[in-house]
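Fold and geometry: a report
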Amino acid sequence: MTLISATNLRHQFLAQAQQNLQQFFKNNKIAKITIIVTNKTTVTNHYLQVKQKLFARFNIVTKIIDYSQDNEIAIYRDYQKLLKNPEIQGVFIELPLRADLSAKEFFSYLPISKDVEGLGYQNLALIATKQEKQAVLASTAHACLLLMQTQISSLKAKKIALIGAGQTVGRPLLQLLLNRNATVFICDEYTKDLTNDPASNLESGTIYSGNLSNDALTEGQVALDEEFNWLFTTIR
């Protein structure tokens, strides 16, 4: 089993971000990002603190809009006004949304120019139609893709089992992999677990779902864990 370290890639990302922002600041501009929160939990608060700390490191001004106590109609109305505000350069929608709110109402109207995380439907449509150069790639999914490519230069015809088809990572990553002509197997909470050598069964199109252990991997395979969910990539 090969364990992939993202440390070097992370340093490259941070250096590139710093360089891009320096160019942005030369024009006496102020980078402003609005973070929308609809579901205040301990986990959400933790991620907000992490994001604010990182943005502050690059002198990016952040504003948190807390919709956790507002009614549904008022939230959608205010959100539409927010998107039209020229002073707001980027919008980050903190997931998960409150249970009574619709992701469609948030992501279908989010313009590409303000879609910080690349999860808006306009961006995802461009990726699905192989127009990645015009899109903002979903950040975590893109990072996973680049991390895979540190281990193999071409994903064409490679068999990849993707565990987790969530909105933030799994689904965007699926499209990125398909655009590179990979053969992708998807599994989620409805996929039945396999008990006997699940990884090798990918030859017959069977997918393993559940916790991974060393026994689930064979020589020559690569496992990538993006922290929140397992992404199990089988490369042969």
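No experiment lies behind these values; they were computed from the predicted model shown. Note that residues are indexed from 1 along each chain, following the sequence as it is written. Since the coordinates come from a predicted model, pLDDT governs what is reported: local features require at least 70, and pairs of side-chain atoms require 80 or more to be given and counted, while whole-chain, interface and lining totals use all residues. Side-chain measures here rest on the full set of heavy atoms in the structure, leaving out hydrogens and waters.

Focus on the packing of helix H6 (residues 139-149) against helix H7 (residues 170-178)
The angle between the axes and the distance between the axes are what describe a pair of packed helices. Whenever a helix is involved, its axis is fitted only over the stretch in contact; in every case the axis is a line through C-alpha atoms, and angles between N-to-C directions fall within 0 to 180 degrees. Segments assigned H or I by DSSP are reported as helices when at least four residues long, segments assigned E as strands when at least two residues long, and all are numbered from the N terminus. The N-to-C vectors of H6 and H7 enclose an angle of 45°; their axes lie 8 Å apart at closest approach. Here H6 lies oblique to H7, going by the angle between them. Where H6 crosses over H7, the two elements pack in a sense that is right-handed. Side by side, H6 and H7 meet where Ala-141, His-142, Cys-144, Leu-145 and Met-148 of the first sit next to Pro-172, Leu-173, Leu-176 and Leu-177 of the second. Polar here means any residue other than Ala, Val, Leu, Ile, Met, Phe, Trp, Tyr, Cys and Pro, which are nonpolar, and Asp, Glu, Lys and Arg, which are charged; Gly is therefore polar. Tallied by class, the residues present in the contact of H6 with H7 amount to eight nonpolar, one polar and no charged. In these notes the angle categories are as follows: under 35 degrees is roughly parallel, over 145 is roughly antiparallel, 65 to 115 is roughly perpendicular, and the rest is oblique. In a left-handed crossing the near helix is turned counterclockwise from the far helix by less than a right angle, and in a right-handed crossing that turn is clockwise. For this analysis, residues touch if any pair of their heavy atoms sits within 4.5 Å.

Things to note about the packing of aromatic side chains
Aromatic ring pairs are described here by two measures, namely the spacing of the ring centres and the angle between the planes. Two aromatic rings, drawn from Phe, Tyr or Trp (for Trp, its six-membered ring), form a pair once their centres lie within 6.5 Å of each other, and the interplanar angle then sorts them: stacked below 30 degrees, edge-to-face above 60, tilted otherwise. As enumerated under the stated definition, the model contains three aromatic pairs in all. Relative to Phe-106, the ring of Tyr-79 lies with its centre 4.9 Å away and its plane at 55°, an arrangement referred to as tilted. Taken together, the residues Tyr-79 in helix H3 (residues 72-84) and Phe-106 in helix H4 (residues 103-107) connect sequence positions 27 residues apart. A single burial state applies to Tyr-79 and to Phe-106, both of which are buried. Put simply, the rings of Tyr-76, Tyr-79 and Phe-106 pair up and form one aromatic cluster. Exposed residues in this analysis have more than 50% of their type's maximum accessible area, buried residues have under 20%, and partly exposed residues fall in between, with area computed by a 1.4 Å probe over protein chains only.

Let's talk about unusual backbone geometry
Of note, the amide linkage connecting Leu-95 to Pro-96 takes the cis form, showing an omega dihedral of 0°. Although it is not a glycine, Asn-59 sits at a positive phi angle of roughly 60°. Locating Asn-59 in the fold gives a position in the loop between helix H2 (42-57) and strand E3 (61-66). Judged by its relative accessible area of 56%, Asn-59 is exposed. Of note in the backbone geometry, Ala-157 takes a positive phi value of approximately 65° without being a glycine. Structurally, the position occupied by Ala-157 is in the loop between H6 and strand E5 (159-163). In this structure Ala-157 comes out as exposed when scored by relative accessible area, which is 57%.

Here we look at helix H5 (residues 121-128)
Asn-123, Leu-126 and Ile-127 are the residues of H5 that are buried. For H5, the arc enclosing every buried residue in end-on projection is 100°, short of the 170-degree limit, so these residues lie on one face. Buried residues in H5 make contact with H7. Just beyond H5, the residue with positive phi is Lys-130, at close to 60°. Think of the arc as the fan of directions from the helix axis to the C-beta atoms.

Quick look at the sheet that holds E3
In short, DSSP must find at least two bridges between two strands for them to pair. Within the open sheet, the three strands sit side by side as E3-E2-E4. Their pairing is parallel. Pairing within the sheet leaves two strands with one partner each, and these edge strands are E3 and strand E4 (90-93). Direction aside, neighbouring strands of the sheet carry axes that sit 25° apart on average. By the bridge criterion, six bridges tie strand E2 (residues 32-37) to E3 in an arrangement that is parallel. Its bridge partner lying in E3, Lys-32 is registered against Val-61.

A closer look at H6
For H6, the complete set of buried residues consists of Ala-141, Cys-144, Leu-145, Leu-147 and Met-148. Taken around the axis of H6, the buried residues stretch over an arc of 160°, which confines them to a single face.

Some points on the nonpolar core
As used here, the term nonpolar core means buried Ala, Val, Leu, Ile, Met, Phe, Trp, Tyr and Cys residues forming a set that is joined through side-chain atoms within 4.5 Å. Among the nonpolar cores identified, the biggest contains 36 residues, and Tyr-79, Leu-82, Val-91, Ile-93, Phe-106, Leu-173 and Leu-177 are the most heavily contacted of them. Mapped onto this core, the elements with two or more residues apiece are H3, E4, H4, H5, H6, E5 and H7. The leading source of residues in this core is H3, at five residues. With near-sequence residues (within four places) excluded, Leu-177 lies in contact with Leu-145, Met-148, Leu-155, Ile-160, Ala-182 and Val-184. Counting eleven residues, the second largest nonpolar core, distinct from the first, contains Leu-21, Ala-31, Ile-33 and Ile-35.

Observations regarding the pattern of salt bridges
By definition here, a salt bridge exists when the distance from a side-chain nitrogen of Lys or Arg to a carboxyl oxygen of Asp or Glu is within 4 Å. This model, assessed by the stated rule, comprises four salt bridges. A salt bridge links Lys-40 to Asp-66; its shortest N-O distance comes to 3.6 Å. With Lys-40 in the loop between E2 and H2 and Asp-66 in strand E3, the pair connects residues that are 26 residues apart, well separated along the chain. You can call Lys-40 partly exposed: its relative accessible area is 42%.

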